[in-house]
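Geometric and topological summary
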Amino acid sequence: MKGILGEIIINEFVPGYKDRAQISFEVNPGGLSAEKLDAFKEIGATRASAGIQTTNEPLLSFLKRFMAGDKGQRAVDMLLERWPGNTNIDLIYGLPGQSPVSWEKDLNAAIEMGVPSVTVYELRPSDRARFPVNQKFPTLYETMLMHVMAIQRFSEAGFKQKIDNQFVKSDE
């Protein structure tokens, strides 16, 4: 009974969706529960993405992403349990205080999480972003290096680059 309402609503707007659609959702690993994931699974979600962003605790705190310790890995494990072949994580590079060394740790942690897909995003501060004054952002050279590092590291780990910022584990 729990997921019937969601299924009725989706079937009303997208008849036969389960046969032809990918239903994807993104979660903040800090606010994840098995109950929420089961509800997504029940209405036919076929792909899950976790906004890990970084594994660096000071940067997570800066981003107001409160998932200290192994909370990110636990969230990924819950997703992999339900969507083993279709789980993605997002990482961000170019954060204030981030360095190529800390980015390399994020890349290695992402690979160790065992997900089949990783999407990397460059932080692009805008006038609307509300960063505290006097933040030290990585240089242009460092952000370009971080992007190249992602390409190289994921390639070495058996991922294929699908688009500029998405890497998918190869079955070959």
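See the structure shown above.
The numbering scheme is per chain: residues are counted from 1 as the chain's sequence reads. Selection of residues for local features in this predicted model requires a pLDDT of at least 70, selection of side-chain atom pairs for listing and counting requires 80 or more, and totals for whole chains, interfaces and linings are taken over all residues. By convention in this description, side-chain values take in all heavy atoms of the structure and omit both hydrogens and water.

Focus: the overall build of the chain
Within the chain, the secondary structure is distributed over seven helices and six strands. Starting at the N terminus, helices and strands are each numbered in turn, a helix being any DSSP run of H or I of at least four residues and a strand any DSSP run of E of at least two. When the helices and strands of the chain are read in sequence order from the N terminus, they spell out α-α-β-α-β-α-α-β-α-β-α-β-β. For every residue, the accessible area (1.4 Å probe, protein chains only) is compared with the maximum for its type, and the residue is labelled buried under 20%, exposed over 50%, or partly exposed between those bounds. Burial analysis of the chain (172 residues in total) assigns 40% to the buried set. In the chain, 71% of the contacts between residues at least 6 apart in sequence involve partners at least 24 apart. Contacts were defined at the residue level, with two residues in contact if any of their heavy atoms lie within 4.5 Å.

Overview of helix H7 (residues 140–156)
Between its first and last C-alpha, H7 extends 24 Å over 17 residues, near the 24 Å set by a 1.5 Å rise per residue. Among all positions of H7, only Thr143, Met146, His147, Met149, Ala150 and Phe154 are buried. All buried residues of H7 lie within an arc of 155° about the axis, which places them on one face of the element. Along H7, the residues that are exposed and aim more than 90 degrees away from the buried face are Leu140, Tyr141, Met144 and Glu156. Of the surrounding secondary structure, the elements contacted by the buried residues of H7 are strand E3 (87–93), helix H6 (100–112), strand E4 (117–122), strand E5 (159–163) and strand E6 (166–169). Positioned one or two residues after H7, Gly158 has a phi angle of 90°, which is positive. Helix span is expected to be 1.5 Å times the residue number reduced by one. Taken from the helix axis, the directions to the C-beta atoms give the arc we talk about.

Some details on the environment of Ala150
Positionally, Ala150 belongs in helix H7. The buried category is assigned to Ala150, whose relative accessible area is 0%. If we ignore the near neighbours within four places in the chain, the residues touching Ala150 are Trp103, Leu107, Val120 and Phe167.

Overview of the packing of H6 against H7
Fitted lines through C-alpha atoms give the axes, limited to the stretch in contact for helices. The angle between two N-to-C directions lies from 0 to 180 degrees. Where H6 meets H7, the closest approach of the two axes is 10 Å, and the angle between their N-to-C directions is 25°. With respect to H7, the element H6 is oriented roughly parallel. In this structure, the crossing between H6 and H7 has a hand that is right-handed. Residue-level contacts link Pro100, Trp103, Glu104, Leu107, Asn108, Ala110 and Ile111 of H6 to Glu142, Leu145, Met146, Met149, Ala150, Arg153 and Phe154 of H7. Classification convention: Asp, Glu, Lys, Arg as charged; Ala, Val, Leu, Ile, Met, Phe, Trp, Tyr, Cys, Pro as nonpolar; all other residues, Gly among them, as polar. Taken together, the residues of the contact of H6 with H7 break down into ten nonpolar, one polar and three charged. Note on angle classes: values under 35 degrees are labelled roughly parallel, values over 145 roughly antiparallel, values of 65 to 115 roughly perpendicular, and the remainder oblique. For any helix crossing, the convention is left-handed if the near helix is rotated counterclockwise from the far helix by under a right angle, and right-handed if that rotation is clockwise.

What to know about the packing of aromatic side chains
Aromatic rings from Phe, Tyr and Trp, taking only the six-membered ring of Trp, are treated as a pair when their centres fall within 6.5 Å; an angle between ring planes under 30 degrees marks them as stacked, one over 60 as edge-to-face, and anything in between as tilted. According to the stated counting rule, one finds five aromatic pairs in the structure shown. Relative to Trp83, the ring of Phe25 has its centre 5.2 Å away and its plane inclined at 70°; by these criteria the two rings are edge-to-face. Taken as a pair, Phe25 in strand E1 (residues 24–27) and Trp83 in the loop between helix H5 (71–82) and E3 lie far apart in primary sequence, 58 residues in all. The residues Phe25 and Trp83 share a single accessibility class, namely buried. Look at Phe154 and Phe167: their rings are 5.0 Å apart centre to centre, the planes differ by 35°, and that puts the pair in the tilted class. Of this pair, Phe154 sits in helix H7 while Phe167 sits in strand E6, and the two are 13 residues apart along the sequence. Exposure class is identical for Phe154 and Phe167. Each is buried. Within the aromatic cluster, the residues linked to one another by ring pairs are Phe25, Phe40 and Trp83.

Focus on the sheet that holds E4
A pair of strands is considered paired only if DSSP assigns at least 2 bridges between the two. Pairing in this open sheet of six strands is mixed, and the strands run E1-E2-E3-E4-E6-E5 from one edge to the other. This sheet does not close on itself; its edge strands, each paired only once, are E1 and E5. Averaged over all adjacent pairs, the angle separating strand axes in this sheet is 25°, with direction ignored. Taken together, the four bridges between E5 and E6 define a ladder with antiparallel strand orientation. Looking across to E6, one finds that Phe159 is bridged to Lys169. Contacting E3, E4 and E5, H6 runs over the sheet at an angle of about 180° to E3.

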